[in-house]
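Coordinate inspection notes
Letter by letter, the chains look like this.
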Amino acid sequence: MTTDHTATGGHTAGPAPEPRHAPPEPALELLVHGVGGTTPQEMLESTWTTRVTGDGTASIHRRADDLAERPWDDDDPQREAYCWSGLTSGNGARALWLLLLPFMIVNLAHWMRPTAPGGARHAQDVHAVLVRLVALTLTVLFTAGACAVALDLIAWQCAGSEACARRTSWLEPLSGDSWWAQPGRRLAVAAALPVALTALLWWLSHRTWSSYESASPPVRPRPDGGERAALSLPGFWYGRRSVARLRATHTAAALFTVTTALLLATAPFDQSGRGSAALDATGRALLVLTVLGWGVVLVQQILHGRTEQEPDERPDPPMTRTLPWGAVALLAVVVLHTAWSRPRWTSGGRLPAGGGTFPSLMILQGFLVVGLALTAYWLHRHTPRRERGALLGLGGPAVAMLACGIGGVFTGGVADRVADWLDPSAAPGEEGATITGPPVVLSWEAAVIPALLAVVLVLAVAAAVRTRRLAARLAPGVRSGYPDESCAPLRERSARIAASVARARLTDSAPALVGWIAGSCLLLGLVVVGGSLTGESPAELVQGAPALVTAVTDISQVLGSWLMGIGVVVLLAVGRRAYADSGARRTVGILWDVGTFWPRAAHPFAPPCYAERAVPDLSWRMGTYIDATAGRLIISGHSQGSVLAAAAVWQLDAATRSRIALLTHGSPLERLYGRWFPAYFGPTALRSLHQDVPCWRNLWRATDPIGGPVLVLGGPGMAPVDRGPLSDPLFYGRNLLRPLPEPVLGHGDYPEDPAFAEERSALFRRLLRGQAAAPIALPGQAAPATGRKARRTDAGGGA
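Now for a quick tour of the structure. It should be emphasised that the depicted structure is a prediction, and the values quoted were computed from it without experimental measurement.

Concerning the packing of aromatic side chains
- Taken as a whole and assessed by the stated rule, the structure comprises 27 aromatic pairs.
- With centroids separated by 4.8 Å and ring planes inclined at 15 degrees, the aromatic side chains of tryptophan 72 and phenylalanine 764 adopt a geometry described as stacked. On the criterion of sequence distance, the pair formed by tryptophan 72 in the loop between strand S5 (59–63) and strand S6 (79–83) and phenylalanine 764 in helix H24 (residues 754–769) is long-range, its members being 692 residues apart.
- Overall, tryptophan 72 belongs to the buried group, its relative accessible area being 12%.

Right, dumping it as structure tokens:
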């Protein structure tokens, strides 16, 4: 046998080595659910799942038979499911959070400011200060409402009336000839109720603060230079110290409200000459100290601010730490001063100086909201046209007005119901009534409730008529959206699909509806303040008027009083059902989840921000998975989950983002967040997100009332984001494979559409075809130079 040899330098060349192929990279789809949540089993389409990391509140799961890392499979990719519904739902006791609804709404106003870049920094600061002051008035309003119930209705009026106290047996120790029967001592005991309310609000805020705002900041700060989107700042989702400072100020304000109420109650008697000169002088000194305390609270609110460039770990100033304790000490002295013996003091009518509190608060809130509207409109006018948000930039003032209105209804409803409970024999103020009743302004609030409901009813009817007309106009063109089908048009089928599209478009009318309702609240608030200044209730004021006017006024006052009280009860019942029933939660959950998505920047007693836990969870998981496996990841977010996914991706550094694709479906990123929060999700911010994550696709349907296009056009070398509207239902008529009519899916079941799997596979191919990803250090290797500090990687947090 002859063998050919090729000699080179005395060596014989052997056969060429076979090429070595790198093993396929592991890849993962990370699922993030939307409003209402779902189980890991439903998300992963598997009966057997296991928790990879997390706790009972929020956790990440995988299928039990899919724990080992593996490469991408278009038909059956490896999946993880992030379940965060425990952050916003739970047992029925969480329905009590709905009583904090005004606090949540006013907190939204902080984030609704227009963009106005550049030299508008001072106007933005003014906007934030005005929102914080409106939020402070709501804390004062709630505490003043508790004082009206406890100090005025119970301790002053009912306990001071023999007939009322006899009917209410638990008040007998505070009436008659007992030691506690003096008005001052009754007031001192009753002050425990508003103080207990303040303690409850503080405890709820502290408890949720330790569970939500105290989560670890996102894992890897971005080294990118230049102007950055606000949600990419490393301190945006870490409000531990900021909320603590706000909580201290609002707690002190609530305690100062109780202190002021007690001092104003004793002052008329002490200054009349019938009381002790020493008590009068002490009361005046305590009032001066209280005014100084209010001044400190005001300064604290004006100077307060969020630091988002870095996680805020600044220690609290000494004044912030000592302010609540100073308020507690001052209140203790004032309670002792109030309880001091005043033998000749008797109670009758309403509590002295209490009637002017609520009108003064309403006037102050009106001025603050108008100032906020002027500031917001100025910012709106200085914002480029393409960056402007909804409602001429007045979204923040509108929701602040709604927060004040809802707060007034809450306090008025509770006070009216307590007054009826204490004296069920007659309406307060009527002949035969044993108590005078709550402040006059609350009667005026009740009287305008039917008028406000009439406005809402007119708007609802107008929206229904408009929807019906739009559906009739769309119905003839529905069949043309299915050109590949051969069935004939079906009138009923087309009408049903067109109605779904028309109802979905109601969402786009929300700014006009909110504007009309907020404007009505402002005008009716002026009527309430003007009427209350007369010192008479509506029924008393119209005595002697024509019978029709008297009848309408009486009906409005009585009906409004009942509606305010019933409204509070219904709200609690709906909230409890929403937390217990996933179907009911999906109905009302979107507004709640939008409200609690944002950090507590204006009001510390608002429901907690779940994103301050969820965003760090997601950013940690994406970063540790890529560090541990050097693989690729597609994060797939539905509805509110798409907002969390976008916020989490924004927090990652460029090396990690280069291995991540974003798939959103049913997403409110532009339709809700972009319009109402333009400074954070406006066109500039969404374009920034697209530049950060070029591999991004968004699926939407015309029948979806929540999700929509994000309207980000692809730039040079960048693909467009949106695909839609998708066909819904998938088929117009029946066929061999689908013998039954397909349902209209609307906001749900996007993975059922073949487009979902197509876009997911295409995103993964684009990840592989894109520019070479930055190197990622595997466990045990040195971290590559990526412009950031090396980090320890917990491999156990990976797979």
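Points about the nonpolar core
- Counting residues in each nonpolar core, the largest one holds 124 residues, and the members touching the most others are Tyr82, Phe597, Trp598, Ile635 and Phe681.
- Examining the composition of this core, we find that 16 residues originate from one element, helix H3 (residues 121–158), more than from any other.
- Of all hydrophobic cores here, the second largest spans 28 residues; its members include Ala190, Leu262, Leu330 and Leu331.

Some words on the state of the cysteines
- The tally for this structure, following the rule as stated, stands at one disulfide.
- In this model cysteine 158 forms its disulfide with cysteine 164; the gap between the sulfur atoms is 1.9 Å. For the disulfide bridge between cysteine 158 and cysteine 164, the dihedral angle about the S-S bond is near -90 degrees, and by the sign convention the bridge is left-handed. Here cysteine 158 matches cysteine 164 in class, with each residue buried.
- Here cysteine 521 is not disulfide-linked; the sulfur of cysteine 404 is the nearest cysteine sulfur, at 9.5 Å.
- In this structure cysteine 521 comes out as buried when scored by relative accessible area, which is 13%.

Section: helix H2 (residues 101–111)
- Of all the eleven residues making up H2, eleven are buried; the element is thus mostly covered by neighbouring parts of the structure.
- Residues Leu101, Pro102, Phe103, Met104, Ile105, Val106, Asn107, Leu108, Ala109, His110 and Trp111 constitute the buried set of H2.

Here we look at unusual backbone geometry
- Of note, the bond from glycine 724 into proline 725 is cis; its omega dihedral lies within 30 degrees of zero at 0 degrees.
- Note on placement: proline 725 falls in strand S10 (residues 722–726).
- With an omega of 5 degrees, the peptide bond running from aspartate 728 to proline 729 counts as cis.
- Tracing the chain through its elements places proline 729 in the loop between S10 and H24.
- Unlike most non-glycine residues, leucine 391 shows phi in positive territory, near 60 degrees.
- Note that leucine 391 resides in the loop between helix H10 (357–381) and helix H11 (395–422).
- Although it is not a glycine, leucine 392 sits at a positive phi angle of roughly 55 degrees.
- For leucine 392, the location among the structural elements is in the loop between H10 and H11.

Rules of the game
- Residues numbered from 1 in each chain as written.
- Predicted model: local features only at pLDDT ≥ 70, side-chain atom pairs only at ≥ 80, totals over all residues.
- Heavy atoms only, no water.
- Phe/Tyr/Trp six-rings, centres within 6.5 Å; stacked < 30°, edge-to-face > 60°.
- Helix = DSSP H or I, 4+ residues; strand = E, 2+ residues; numbered from the N terminus.
- Buried < 20%, exposed > 50% of the residue type's maximum accessible area, 1.4 Å probe, protein only.
- Core = buried A, V, L, I, M, F, W, Y, C linked by side-chain atoms within 4.5 Å.
- Disulfide = S-S within 2.5 Å.

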